[in-house]
Number of protein chains: 4
Amino acid sequence: MSIPSSTPDPLAVALDAKRIAELIEARFPQIQSGRRFAIEEVGHRSARVRMTANPRNTRPGGTISGPAMFTLADFGTYVAIIATLGEGGFEAVTSSLNINFLARPEAGDMIAAVKLIRLGRRLAVGEVELYAQGVAEMVAHATAAYALPIAR
Amino acid sequence: MSIPSSTPDPLAVALDAKRIAELIEARFPQIQSGRRFAIEEVGHRSARVRMTANPRNTRPGGTISGPAMFTLADFGTYVAIIATLGEGGFEAVTSSLNINFLARPEAGDMIAAVKLIRLGRRLAVGEVELYAQGVAEMVAHATAAYALPIAR
Amino acid sequence: MSIPSSTPDPLAVALDAKRIAELIEARFPQIQSGRRFAIEEVGHRSARVRMTANPRNTRPGGTISGPAMFTLADFGTYVAIIATLGEGGFEAVTSSLNINFLARPEAGDMIAAVKLIRLGRRLAVGEVELYAQGVAEMVAHATAAYALPIAR
Amino acid sequence: MSIPSSTPDPLAVALDAKRIAELIEARFPQIQSGRRFAIEEVGHRSARVRMTANPRNTRPGGTISGPAMFTLADFGTYVAIIATLGEGGFEAVTSSLNINFLARPEAGDMIAAVKLIRLGRRLAVGEVELYAQGVAEMVAHATAAYALPIAR
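Residues numbered from 1 in each chain as written. Chains lettered and ligands numbered in written order. Predicted model: local features only at pLDDT ≥ 70, side-chain atom pairs only at ≥ 80, totals over all residues. Heavy atoms only, no water.

Visitor: Any chance you could break down helix α1 (residues 17–27) of chain A for me, citing the residues and the numbers?
Guide: Residues and elements named next belong to chain A. Every buried residue belonging to α1 is among Ala17, Ile20, Leu23 and Ile24, and all of these are buried. For α1, the buried positions fall inside an angular range of 130° around the axis, keeping them on one side. Those residues of α1 that are exposed and aimed more than 90 degrees away from the buried face are Lys18 and Ala26. (Buried < 20%, exposed > 50% of the residue type's maximum accessible area, 1.4 Å probe, protein only. Helix = DSSP H or I, 4+ residues; strand = E, 2+ residues; numbered from the N terminus. Arc of directions from axis to C-beta.)

And the structure:
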């Protein structure tokens, strides 16, 4: 017996990666300036986002700046919330973020792998692992709490 | 050709779970009082520790207190450091800990699953997932930084 | 023209220290067991709470345990919320806590000085300085976020 | 009797604000690009740094971005470490940072008031209050831990 197509899938994403990128570009053109971020994949309560190598993000010695990693962790969590909640997720705002820097990456692309470990009515918490392109060892780890819009 | 038995295994644990429990009992008898913690498993850079149900840890409504979860996350990271570094790890001291509470657990046993995501010369960072016995959803998430003894 | 006495004072506390202690004792008898905590002072968005010296809180070498300091920081923030919001504040629950350990205190009384640096509709954030009795240098610093009850 | 000029003052700064700004400009020209930061004041274990209003830092609705606030908190702590330790402080690297967002500031200048609450041999911890120019209410609060260079 097939599952009727009208059955909502609780694990489906509300918006796909391409649509999220378009909406972010329209709302926050300054975030994407220089095409800094690429949303590689979204899932229910998850996202993978790439930050492309960029002279603005590097430091002497060829490493990636801490603020750039913060930005990627924060943005990746935001994308996972929007993928899961849909357009209402755009109203979410960061209430706190904690980041541990673990290793010095080479300058280059970075990837954020995000899981939402809490998705309550009022608060979402993302856990973020940051990697340098092609390197197995984790570079930084963050947890980010977002206050969610009330009427959802 | 077999690997000679004298070759050190970089992924071996320095101390096993039973030996760590004995050493902790000898050094910190107050931690174990009431047999609160059981070290279930240790690995290279990892540990799984159980906190047994205990009236002292519960709150009205039958949930587990935040301080009890903090204690478990902190202790679990300490065990993972000792398992990896050996007796020198006993000198490690917590320098910071960040914890997010995700869901209200029922009173009962809790399990901490710890991975060391940084193990530098001076600083170790543990990532800790806390679960209630038999429940898939994560109850709390912590990251703990430990200052390591200098001469190791 | 004098201000009529019926004008509410926005900076008044909703409950005083003695009343808060009575209500906590009634609701959470296990917290106060052994008379561990004394609420020394409360104000609008602030509290000062003492944790009395206790063998359970000490570690070899005569220092105070990290979990005991966590407990004091968490409890102190809770008291400041109740002092400011009144009995509704009892429904507040910790959503995250970050603590930095700065110095090793001698075993003895500890004092938490708490300020609420955010008091929104849904979230309160306390900033906590922990001191050892009679020592000027700060021993630990914490920030604690509490989810507030909805209908207030 | 006058104090001989060779007596070191334990509370003196190792480098003044002007000299720190010159050295940072020479080492990290990209940080200062657009003259984003002004070091207003440094002291023993303290600093006050201004981030000037900048279209890159703003978000729709005219507020300042979270990553910009992170950058200011991180940079302000770095300045306080250099002011206190001298040129050796340039080798310090952020090991973790925790930030709580408290209120939405209007777009405009922001000020970071930094105190070093720990200055050990291996680790410094800065406590940072962020304010919008001319507004009494705190906008964000951060604690930042820095690993210090070994040979100092």
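Visitor: Summarise the relation of the copies chain B and chain C; cite the residues concerned and give the values.
Guide: After a rotation of 180° and a shift along the axis of 0.0 Å, chain B superposes on chain C with an RMSD of 0.0 Å. These values place the two chain copies in the arrangement generated by a two-fold rotation axis. When C-alpha positions in chain B are compared against the rotation axis, the closest is assigned to Asn98 of chain B, at 2.1 Å. Both copies present the same face, since 100% of the interface residues in chain B are matched by interface residues at the equivalent positions in chain C. (Least-squares fit on C-alpha atoms with pLDDT ≥ 70 in both. Contact = heavy atoms within 4.5 Å.)

Visitor: I'd love a proper account of the packing of aromatic side chains, names of residues and values included.
Guide: Under the counting rule described, the total for this entry stands at 18 aromatic pairs over all chains. Pairing Phe70 of chain A with Phe70 of chain D gives two aromatic rings, centres 4.3 Å apart and planes at 25°, and the pair type is stacked. Of the two residues, Phe70 of chain A is situated in helix α3 (residues 66–85) and Phe70 of chain D in helix α3 (residues 66–85); the pairing between them involves two chains. Neither Phe70 of chain A nor Phe70 of chain D differs from the other in exposure class; each is buried. With a centroid separation of 6.0 Å and 65° between ring planes, the pair formed by Phe28 of chain C and Tyr78 of chain C is classed as edge-to-face. Taken together, the residues span a long stretch of sequence, with Phe28 of chain C in the loop between α1 (17–27) and α2 (29–32) and Tyr78 of chain C in helix α3 (residues 66–85) at a distance of 50 residues. (Phe/Tyr/Trp six-rings, centres within 6.5 Å; stacked < 30°, edge-to-face > 60°.)

Visitor: So what's going on with the interface of chain D and chain A? Which residues, and what values?
Guide: Many descriptions give the size of an interface as the accessible area lost when the pieces come together. Counting from both sides, the interface comprises 23 residues of chain D and, opposite them, 23 residues of chain A. Overall, the association of chain D and chain A removes approximately 1,800 Å² of surface from exposure, summing both partners, and the carbon and sulfur fraction of that is 57%. Counting the surface chain D buries against chain A, the share from its top three residues, Pro67, Phe70 and Phe101 of chain D, is 26%. Across the chain D-chain A interface, the total number found is zero salt bridges. (Buried area = accessible area lost by both parts, 1.4 Å probe. Salt bridge = Lys/Arg side-chain N within 4 Å of Asp/Glu carboxyl O.)

Visitor: Now, about the relation of the copies chain D and chain A: what can you tell me, with residues and values included?
Guide: When chain D is brought onto chain A, the operation consists of a screw motion whose angular component is 180° and whose axial shift is 0.0 Å, with 0.0 Å RMSD remaining. Residue by residue, 100% of the interface of chain D is reproduced at the interface of chain A, so both copies engage with the same surface.

Visitor: Can you explain the sheet that holds strand β8 (residues 140–147) of chain C? Please cite residues and give values.
Guide: Neighbouring strands of a sheet are bound in pairs by backbone hydrogen bonds; such pairs are parallel or else antiparallel. The twelve strands lie next to each other as β1(B)-β2(B)-β6(B)-β7(B)-β8(B)-β5(B)-β5(C)-β8(C)-β7(C)-β6(C)-β2(C)-β1(C), forming an open sheet whose pairing is antiparallel. Among the strands making up the open sheet, the edge pair consists of β1 (37–43) of chain B together with β1 (37–43) of chain C. Looking at each pair of strands side by side, their axes are set apart by 20° on average, direction ignored. (Pairing = 2+ DSSP bridges. Axes fitted to C-alpha atoms, helices over the stretch in contact; angles between N-to-C directions.)

Visitor: An account of the interface of chain B and chain C is needed here, citing residue identities and associated values.
Guide: Contacts between the two partners involve 23 residues from chain B, matched on the other side by 23 residues from chain C. Roughly 1,800 Å² of surface becomes buried between chain B and chain C when both sides are summed, with 57% attributable to carbon and sulfur atoms. At the surface where chain B touches chain C, the tally comes to zero salt bridges. Counting across the interface, chain B meets chain C through four residue pairs in polar contact (both at pLDDT 80 or more). Listed by contribution, the elements that provide at least two residues to the side of chain B that touches chain C are α2 (29–32), β3 (58–59), α3 (66–85) and β5 (93–101) of chain B. Sorting elements by how many residues they give to the side of chain B that touches chain C places β5 of chain B first, with nine residues. For the side of chain B that touches chain C, the per-class residue count stands at nine nonpolar, nine polar and five charged. Pairing between β5 of chain B and strand β5 (residues 93–101) of chain C: five bridges, direction antiparallel. Residue pairing in the sheet places Ile99 of chain B in a bridge with Leu97 of chain C of β5 of chain C. (Polar contact = N/O pair within 3.5 Å; in protein donor to acceptor, adjacent residues only side chain to side chain. Nonpolar A, V, L, I, M, F, W, Y, C, P; charged D, E, K, R; others polar.)

Spatial relationships are all this shows, so hold off on functional conclusions.
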